[in-house]
Amino acid sequence: MELDGKVAVVTGGTRGVGAGIARSLAHAGADVVVCARRPPDEPVPGAAYAPLDVRDADAVRHFFTALPRLDLLVNNAGGTPHRPLTHADARRHARVIELNLLAPLTVSLAAHAHLERAGGSIVMIGSVSGSRPSPGSAAYGAAKAGLEHLARSMAVEWAPRVRVNTLVVGMVRTDLTHLHYGGEDGVEAVARTVPLGRLALPADVGGAVVFLASDAARYISGASLLLHGGGERPAFLDAATADKET
């Protein structure tokens, strides 16, 4: 799964999951550019930084026009605060959809000509939130569901020159994990709900991206690869057996 000589762009690649993806791609031999609105607090080893707001269509087109080559695009930029639907108006929720769905479309369109010439690929960073109820992040879940569908349609329209896949990511341990799950006790409690017994690490996500970008996945397109440690234990199992525990 070597990527020697390949050029990769990772949006939102300056911290957390994006930085983990960038590190893994660089370790596999790729020349990596990470894009974000702000530079990383610490340089990402093996990656160059370029300022870019993926919601700015003109800036995105200018950025990709200036690139000499592109073999891999990782649409990672995204996210959302915890926000119940009735706690904001539709315009605020639309901003979440803009970042997590419309921006990847904008970026992919700008990168298409490069990727078609190179016979390259796109990896969308999806979420399990796109396939289950997401209270507190409903707009985000809807956007991620749309992103997965967009990837499948792209895979058909842009074949055979460009492969497009989605990495459907579950809970990941990053420097911001405490904002979602509380302190260490909360993180450990959440980790116990995962069949593999822990949250993913950014390197786990990065390794899966390397696979999807490599020749080992040359016949994989339009696929959704689940990276969630086995998923979530069904709540009814605990409810049904609670009175039988000793």
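You'll find the structure just up there.
On a predicted model such as this, the values are computed, not experimentally measured, just so you know. Within any chain, residue numbers begin from 1 and follow the written order of that chain's sequence. Note on the predicted model: pLDDT of at least 70 is required for a residue's local features to be given, and 80 or more for side-chain atom pairs to be given and counted; whole-chain, interface and lining totals, by contrast, use all residues. Water and hydrogen atoms play no part in the side-chain values, which are based on all heavy atoms of the structure.

This paragraph deals with the overall build of the protein. Put simply, DSSP H or I for four residues or longer makes a helix, DSSP E for two residues or longer makes a strand, and each gets a number counted from the N terminus. Tallying secondary structure elements over the protein gives eight helices and seven strands in all. In this treatment the radius of gyration is a C-alpha quantity, and the globule benchmark scales as 2.2 Å times the residue count to the 0.38 power. Radius of gyration (C-alpha) of the protein: 18 Å, near the 18 Å computed for a compact globule of 246 residues. Expressed as lengths along the three principal axes of its C-alpha atoms, the size of the protein is roughly 65 × 40 × 40 Å. Note on contacts: a residue pair is in contact if any heavy atoms of the two residues lie within 4.5 Å. Sequence-distant contacts, at least 24 apart, represent 70% of the contacts inside the protein between residues at least 6 apart. Two residue types count as positive, namely Lys and Arg, and two as negative, namely Asp and Glu; His and chain ends fall outside the count. Note that the charge is assigned to NZ on lysines, CZ on arginines, CG on aspartates and CD on glutamates. Side-chain charges in the protein split into 24 positive and 24 negative, and the spacing between the mean points of these groups amounts to 4 Å.

Counting residues in each nonpolar core, the largest one holds 30 residues, and the members touching the most others are V9, F63, F64, L70, L73 and I122. Elements represented by at least two residues in this core include exactly β1 (7–11), β2 (31–36), α2 (57–66), α3 (90–118), β5 (121–127) and α4 (138–157). Per-element tally for this core: the top contributor is α4, with six residues. Ranked by size, the runner-up nonpolar core spans 28 residues in total, among them L72, V74, V169 and L227. Remark: nonpolar core denotes a set of buried residues (Ala, Val, Leu, Ile, Met, Phe, Trp, Tyr, Cys) joined through side-chain atoms within 4.5 Å. Each residue is assigned to one of three classes by its accessible area relative to the maximum for its type, calculated with a 1.4 Å probe on protein chains only: buried under 20%, partly exposed between the two thresholds, exposed over 50%.

A few words now on the environment of E116. Tracing the chain through its elements places E116 in helix α3. Classification of E116 as partly exposed rests on a relative accessible area of 36%. Apart from residues no more than four positions distant in its own chain, E116 is found in contact with R161 and V162.

Here we take up helix α1 (residues 16–27). Along an α-helix, residues three or four apart share an orientation, since each turn contains 3.6 residues. Here a helix's expected span is defined as the number of its residues, less one, multiplied by 1.5 Å. Here α1 spans 17 Å end to end across twelve residues, near enough to the 16 Å set by a 1.5 Å rise per residue. Among the residues of α1, V17, G18, A19, G20, I21, A22, S24 and L25 are the ones counted as buried. Tucked inside the fold, the buried residues of α1 contact β1, β2, β3 (47–51), β4 (72–75), β5 and α7 (202–213).

Next up on the list: the sheet that holds strand β7 (residues 224–227). The criterion for strand pairing is that DSSP finds at least two bridges linking the strands in question. Read from one edge of the open sheet, seven strands run β3-β2-β1-β4-β5-β6-β7, paired in parallel fashion. A strand with exactly one partner marks an edge of an open sheet, and here the two such strands are β3 and β7. When the angles between neighbouring strand axes are averaged without regard to direction, this sheet yields 20°. Direction of pairing for β2 relative to β3: parallel, over a ladder of five bridges. Paired with V34 across the bridge in β3 is Y49. Angles run from 0 to 180 degrees between N-to-C directions of axes, and those axes are lines fitted to C-alpha atoms, restricted for helices to the stretch in contact. This element, α4, spans β5, β6 (163–169) and β7 of the sheet and lies at about 155° to β5.

Interpretation in functional terms is not warranted from these geometric data alone.
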